[in-house]
Amino acid sequence: MTESRKKLIHIESTPYYHIQNHCVRGTYLVTNKDSQKQSSELDLHRAQWFVDRLIQLSGLFCIDICAYAVLNHHYHLVLKVNIDTANHLTTNQLIQRWKQLFKLPPLAIKYTEKTLFTEPEKLKLDELVCKWRERLTDVSWFMRCLNETVSRQVNKEENCRGAFWQGRFKSQALLDEPALLACIMYVDLAPIREQLSQSLENDYLTSISLRMSAVKHAQKDAHLYDFDSEYLAIAQQPATLLPFDHMTRAGKKVHIPFHLPDYIALIKWTHQEMIHNKLPTNTQKTPKLLTQLAIKKKDWIDACRHFSHHYSHVAGSWSRMCEFSHQFNGKWCKGKQSSKQLHPTSP
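In this report, we go over the structure that sits alongside the text. (Residues numbered from 1 in each chain as written. Predicted model: local features only at pLDDT ≥ 70, side-chain atom pairs only at ≥ 80, totals over all residues. Heavy atoms only, no water.)

What follows concerns the overall build of the protein. Of the regular secondary structure elements, the protein holds 16 helices and ten strands. In terms of overall dimensions, the protein is globule-like: its C-alpha atoms have a radius of gyration of 22 Å, near the 20 Å expected for 347 residues. With respect to the three principal axes, the spread of C-alpha positions in the protein is 75 × 55 × 55 Å. Across the 347 residues of the protein, 50% fall into the buried class. In the protein, 66% of the contacts between residues at least 6 apart in sequence involve partners at least 24 apart. Looking at the protein as shown, the accessible area adds up to about 17,800 Å², and 51% of this sits on carbon and sulfur atoms. Between the mean site of the 45 positive side-chain charges and the mean site of the 34 negative ones, the protein shows a separation of 4 Å. (Helix = DSSP H or I, 4+ residues; strand = E, 2+ residues; numbered from the N terminus. Rg over C-alpha atoms; globule rule 2.2 N^0.38 Å. Buried < 20%, exposed > 50% of the residue type's maximum accessible area, 1.4 Å probe, protein only. Contact = heavy atoms within 4.5 Å. Areas by Shrake-Rupley, 256 points an atom, 1.4 Å probe, with all protein chains shown as cover. Lys, Arg positive; Asp, Glu negative; His and termini not counted. Charge placed at Lys NZ, Arg CZ, Asp CG, Glu CD.)

So this is what it looks like as C-alpha cells:
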C-alpha cells in the first residue's frame with residue numbers, strides 16, 4: 001500500500017531527501033540522436049528541459065539542489081529543504097515567488113497594489129501567506145511543479161496525452177552525514193554505474209560534471225593569477241548547486257557538510273574502482289573521508305553501487321532509521337546490514 005508523504009518526508013528529522021522517478025510508455029529523457037545508427041551523440045533537449053525547470057524551481061522554492069543526474073529513462077535528485085530561508089521571507093517576497101508558480105488570487109493582487117485592506121481581508125491574506133510559506137518548503141509541491149511541467153512539454157512534443165512518469169516519485173530520507181555522502185556520490189556516479197559513460201565529465205546532465213568543470217576553471221585561474229587553487233575552487237562553486245564547505249549566501253552559512261577537495265578526491269577514487277570493477281585492496285591508500293567516517297573501502301564501493309536498493313524510505317544509522325520509521329509510519333525498515341556498513345561505530 002502506498003505511504004502518505006507525511007510519513008516519508010519529515011523536515012524536523014532531516015532536511016535531506018533522495019528523489020527518483022522513471023518514465024513510462026517506452027519514452028525517454030535522454031536518447032541517441034540517430035537510434036537506427038546507434039550514434040554516440042546524445043539528444044539531451046528533454047533532459048535540458050528537466051534541469052532548467054529544476055534550477056528555476058530551486059530559486060523559487062526554499063529547496064536547494066545537492067546533486068542530480070538525468071539518465072535515459074529516469075532521474076535522481078538529492079534535495080535539501082531550507083526552512084530558515086522560508087521563515088525569513090517577507091509577505092511581498094512570498095507573493096512574488098508564488099506569482100511565478102501559480103495565478104495569484106484577487107486578494108494578493110490587491111495587496112501588491114497597496115490598496116487599503118479591511119481587517120477580515122488582512123486575516124485572510126495572512127492565512128494564504130502562511131499556506132504558501134509552508135508549500136515553498138514542501139518537497140511534494142516542488143516535485144509536482146517539476147514533473148508536471150516536463151510531462152506537458154513531452155506530451156506536446158509527442159502530440160499525445162497520458163502519464164509520462166511512473167506514478168509518484170520515490171523518496172528516501174537521509175538522516176545523517178554518512179548516508180548523505182553515500183547518496184550524493186551514488187547520484188553523481190549514476191552514468192558510470194549504469195555503464196553509460198566512463199568519465200565523470202560526461203555528456204549526461206549531472207551535478208558532478210558541473211562541479212568538476214568549476215574546479216577545472218578555478219585551477220586554471222589559480223595558475224594564471226597565482227592564487228591558492230583549493231581556496232579558489234571552494235569560492236567558485238556552481239551557484240545553482242548547494243555548495244560544499246561553509247559558504248555564505250545572503251549573509252547565512254549554507255553548505256553540504258564536507259570539504260570540497262576531500263569529496264573530489266573520494267569520487268575520483270570511487271570512480272576508478274567502479275571502472276575497474278574490482279574490490280579495493282588493503283594496500284591502497286584510503287581516502288580521507290572514509291578514514292574520518294571509519295567506513296571500509298569495499299563497503300563504500302558497495303554502497304555507491306547499490307544505495308537506492310539497500311534502503312526503502314529512510315537511510316542512516318540503524319537506531320535512527322528505526323526511530324524514524326516507528327515515529328512516522330510504524331513499519332519495519334529495510335537496510336540493517338547496509339546501515340551497519342556505513343555506520344560501523346554506531347549502535
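Pairs can form between side chains of opposite charge whenever their charged atoms are close. Inspection of the entire model under this criterion finds nine salt bridges. Between Arg-46 and Glu-157 there is a salt bridge, with the nearest N and O atoms lying 2.7 Å from each other. Here the residue Arg-46 occupies a position in helix 2 (residues 45–60), and Glu-157 occupies one in helix 7 (residues 139–158), the gap between them amounting to 111 residues. Taking the relative accessible area as the measure of exposure, Arg-46 reaches 2% and is therefore buried. One salt bridge connects Glu-148 with Arg-144, and the closest N-O pair in it is separated by 3.6 Å. Of the two residues, Glu-148 and Arg-144 are both situated in helix 7; the distance of four residues between them amounts to about one turn of the helix. One connected set of salt bridges, linked through shared partners, spans Arg-25, Arg-46, Glu-157 and Glu-158. (Salt bridge = Lys/Arg side-chain N within 4 Å of Asp/Glu carboxyl O.)

Inspection of the secondary structure puts Leu-77 in strand 5 (residues 74–81). Leu-77 gets classed as buried once you look at its relative accessible area, which sits at 0%. Note: C-alpha distance between Leu-77 and Ala-67 (ten residues apart in sequence) is 5.7 Å. Among all residues touching Leu-77, those that are not within four sequence positions of it are Tyr-17, His-18, Ile-19, Phe-50, Leu-54, Ala-67, Tyr-68, Met-143 and Leu-146.

Here helix 2 crosses helix 7 at 150°, and the two axes come no closer than 10 Å. Here helix 7 runs roughly antiparallel to helix 2, going by the angle between their axes. Note that helix 2 runs across helix 7; the crossing there is right-handed. Of helix 7, the residues touching helix 2 (which contributes His-45, Arg-46, Trp-49, Phe-50, Arg-53, Leu-54, Leu-57 and Ser-58) are Phe-142, Cys-145, Leu-146, Asn-147, Thr-149, Val-150, Gln-153, Val-154, Glu-157 and Glu-158. Of the residues contributing to the contact of helix 2 with helix 7, the split by class is nine nonpolar, five polar and four charged. (Axes fitted to C-alpha atoms, helices over the stretch in contact; angles between N-to-C directions. Parallel < 35°, antiparallel > 145°, perpendicular 65-115°, else oblique. Left-handed = near helix turned anticlockwise from the far one by under 90°. Nonpolar A, V, L, I, M, F, W, Y, C, P; charged D, E, K, R; others polar.)

So, on to the side chain of Ser-207. Locating Ser-207 in the fold gives a position in helix 10 (residues 207–225). Residue classification places Ser-207 among the buried residues on the basis of a relative accessible area of 0%. Here Asp-188 takes part through its side chain, which lies 2.6 Å from a polar atom of the side chain of Ser-207. Residue contacts for Ser-207: discarding those within four places in its chain leaves Cys-66, Ala-67, Tyr-68, Asp-188 and Leu-241. (Polar contact = N/O pair within 3.5 Å; in protein donor to acceptor, adjacent residues only side chain to side chain.)

Okay, the side chain of Thr-27 next. Checked against the element boundaries, Thr-27 lands in the loop between strand 1 (16–22) and strand 2 (31–32). Under the relative-accessibility criterion, Thr-27 is labelled buried at 6%. In this view, Thr-27 contacts Arg-46, His-73, Val-154, Glu-158 and Phe-164; residues no more than four positions away in its chain are not counted.

For the structure on display, the rule yields twelve aromatic pairs. Considering the side-chain rings of Trp-98 and Trp-132, the 5.6 Å spacing of their centres and the 15° angle between planes classify their relative orientation as stacked. Residue Trp-98 is located in helix 4 (residues 91–99), and its partner Trp-132 is located in helix 6 (residues 119–135); the two are separated by 34 residues in the primary sequence. Take Trp-98 and Trp-132: they sit in the same class, and that class is buried. A centroid spacing of 5.0 Å and a plane angle of 50° characterise the contact between Phe-307 and Tyr-311, whose relative ring orientation is tilted. The aromatic ring of Tyr-28 is capped on one face by Arg-46, whose charged end is 4.0 Å from the ring centroid. In this arrangement the basic side chain of Arg-193 is found over the ring face of Tyr-186, its NZ or CZ atom lying 3.7 Å from the centre. (Phe/Tyr/Trp six-rings, centres within 6.5 Å; stacked < 30°, edge-to-face > 60°. Lys NZ or Arg CZ within 6 Å of the ring centre and 35° of its normal.)

Within the open sheet, the six strands sit side by side as 7-4-5-1-6-10. Their pairing is mixed. In this open sheet, the two edge strands, each paired with only one partner strand, are strand 7 (205–206) and strand 10 (314–315). Packing of helix 10 onto the sheet brings it into contact with strand 4 (63–70) and strand 7, and relative to strand 4 it is tilted by some 105°. Across the face of the sheet, helix 14 (residues 297–310) comes into contact with strand 1, strand 6 (170–174) and strand 10 while running at roughly 115° to strand 6. (Pairing = 2+ DSSP bridges.)

Relative to the elements of secondary structure, Arg-152 occurs in helix 7. Counting along the chain gives twelve residues from Arg-152 to Phe-164, while the straight-line C-alpha distance between them is 8.6 Å.

On to helix 2, then. For helix 2, which comprises 16 residues, the first-to-last C-alpha distance of 23 Å matches the rise-based estimate of 22 Å (1.5 Å per residue) to within 8%. Those residues of helix 2 that sit buried are Arg-46, Ala-47, Phe-50, Val-51, Arg-53, Leu-54, Leu-57, Ser-58 and Leu-60. The inward-facing, buried residues of helix 2 abut strand 4, strand 5, helix 4, helix 7 and strand 7. (Expected span 1.5 Å × (residues − 1).)

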